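# Breakdown of the fold
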Amino acid sequence: DAGITQSPRHKVTETGTPVTLRCHQTENHRYMYWYRQDPGHGLRLIHYSYGVKDTDKGEVSDGYSVSRSKTEDFLLTLESATSSQTSVYFCAISLDRTSTDTQYFGPGTRLTVL
Amino acid sequence: LAKTTQPISMDSYEGQEVNITCSHNNIATNDYITWYQQFPSQGPRFIIQGYKTKVTNEVASLFIPADRKSSTLSLPRVSLSDTAVYYCLVGDNRRSGGGADGLTFGKGTHLIIQP
């Protein structure tokens, strides 16, 4: 399995509080992604990164920000968590960003916003 | 990206061969077909990828007819541990370097294997 870890694995927080999720990889892959997965919606891309300090928005980026100060770490921040952001968050990595390039996923973080 | 359509759910029994078909009528010339598998409480993982005809690996086979408007993932002799969601993705190997496209996961097919 690709060396991808996510922390925390589970978190419960209250509406209005900031939350930061961390993705760490040991594969030295250039591209990193944050997805959320909700029942009935499948996986949806939030943000992605194509290098240190290089990030871009995905399909559902509103209410989220990201940072990548090192190749191995990609942080997802919810500036002010809302109940609609209760979800399972997956980090993924890939060597390239083409649609044929395999993405390797982390174990996920289950976030509950009360 | 080409839109894909696959069954929401399927049931089968241990030891059977399972075929999951994905429809992608608008597939483009440079698009490849990729399947991912997701177990409960885990992230998706790559199973197989192909462009045309047939691809086989240690996990599955992928059959793609000449018109490429559909594809079939075949899982031989399934076991209970094959219960998972299977996603069909269609994408262009030339698209890179930016943009919010790339991998698009639909709702997948929830495969349930019974004893």
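Residues numbered from 1 in each chain as written. Chains lettered and ligands numbered in written order. Predicted model: local features only at pLDDT ≥ 70, side-chain atom pairs only at ≥ 80, totals over all residues. Heavy atoms only, no water.

### Re the overall build of chain B
From N to C terminus, chain B includes 0 helices and 9 strands. Secondary structure elements of chain B, listed N to C terminal, follow the sequence β-β-β-β-β-β-β-β-β. Across the 115 residues of chain B, 43% fall into the buried class. By sequence separation, contacts in chain B at least 24 residues apart represent 60% of the contacts at least 6 residues apart. A total of about 5,700 Å² of accessible surface is found on chain B, and carbon and sulfur atoms cover 48% of it. (Helix = DSSP H or I, 4+ residues; strand = E, 2+ residues; numbered from the N terminus. Buried < 20%, exposed > 50% of the residue type's maximum accessible area, 1.4 Å probe, protein only. Contact = heavy atoms within 4.5 Å. Areas by Shrake-Rupley, 256 points an atom, 1.4 Å probe, with all protein chains shown as cover.)

### A word on the environment of Arg 9 of chain A
Residues and elements named next belong to chain A. Along the polypeptide, Arg 9 turns up in the loop between strand S1 (4-7) and strand S2 (10-13). Accessibility expressed as a relative area gives 38% for Arg 9, which makes it partly exposed. In sequence terms Arg 9 and Thr 109 are 100 residues apart; their C-alpha atoms lie 4.3 Å from each other. If near-sequence neighbours (up to four positions away) are discounted, Arg 9 is found in contact with Pro 107, Gly 108, Thr 109 and Arg 110. Looking at Arg 9, its side chain comes within polar contact range of the main-chain oxygen of Gly 108, at 2.8 Å. (Polar contact = N/O pair within 3.5 Å; in protein donor to acceptor, adjacent residues only side chain to side chain.)

### Thoughts on the pairing of strand S4 (residues 31-38) of chain A
Residues and elements named next belong to chain A. Within S4, 8 of the 8 residues are buried, leaving the element largely enclosed by the surrounding structure. Of the two faces of S4, the one carrying Tyr 31, Tyr 33, Tyr 35 and Gln 37 and the one carrying Met 32, Trp 34, Arg 36 and Asp 38 are both buried. Sheet topology note: the S4/strand S9 (residues 87-94) ladder contains 7 bridges and is antiparallel. If you follow Trp 34 over to S9, its bridge partner there is Cys 91. (Pairing = 2+ DSSP bridges.)

### Here's the deal with the packing of aromatic side chains
Applying the stated criterion across every chain yields a total of 8 aromatic pairs over all chains. A network of ring pairs unites the aromatic residues Tyr 33, Tyr 35, Tyr 48, Tyr 50 and Phe 105 of chain A together with Tyr 36 and Phe 46 of chain B as a single cluster. Lying over the aromatic face of Tyr 51 of chain B, Arg 68 of chain B brings its terminal NZ or CZ to 4.0 Å of the ring centre. (Phe/Tyr/Trp six-rings, centres within 6.5 Å; stacked < 30°, edge-to-face > 60°. Lys NZ or Arg CZ within 6 Å of the ring centre and 35° of its normal.)

### Brief notes about the state of the cysteines
Residues and elements named next belong to chain B. The final tally for this structure, using the stated rule, is 2 disulfides over all chains. The residue that forms a disulfide with Cys 22 is Cys 88, at a sulfur-sulfur distance of 2.2 Å. Where Cys 22 bonds to Cys 88 through sulfur, the torsion about that S-S bond is close to -80°, and the disulfide is left-handed. Residue Cys 22 is located in strand S2 (residues 18-23), and its partner Cys 88 is located in strand S8 (residues 84-92); the two are separated by 66 residues in the primary sequence. Residue classification places Cys 22 among the buried positions, given a relative accessible area of 0%. (Disulfide = S-S within 2.5 Å.)

### A short note on the sheet that holds strand S3 (residues 19-25) of chain A
All names here are of chain A. Within the open sheet, the 4 strands sit side by side as S1-S3-S8-S7. Their pairing is antiparallel. At either end of the open sheet lies a strand with only one pairing partner, and these are S1 and strand S7 (64-70). Neighbour to neighbour, the strand axes of the sheet diverge by 20° on average, direction disregarded. In this sheet, strand S8 (residues 73-78) lies alongside S3 in antiparallel orientation, the contact comprising 6 bridges. If you follow Leu 21 over to S8, its bridge partner there is Leu 76. (Axes fitted to C-alpha atoms, helices over the stretch in contact; angles between N-to-C directions.)

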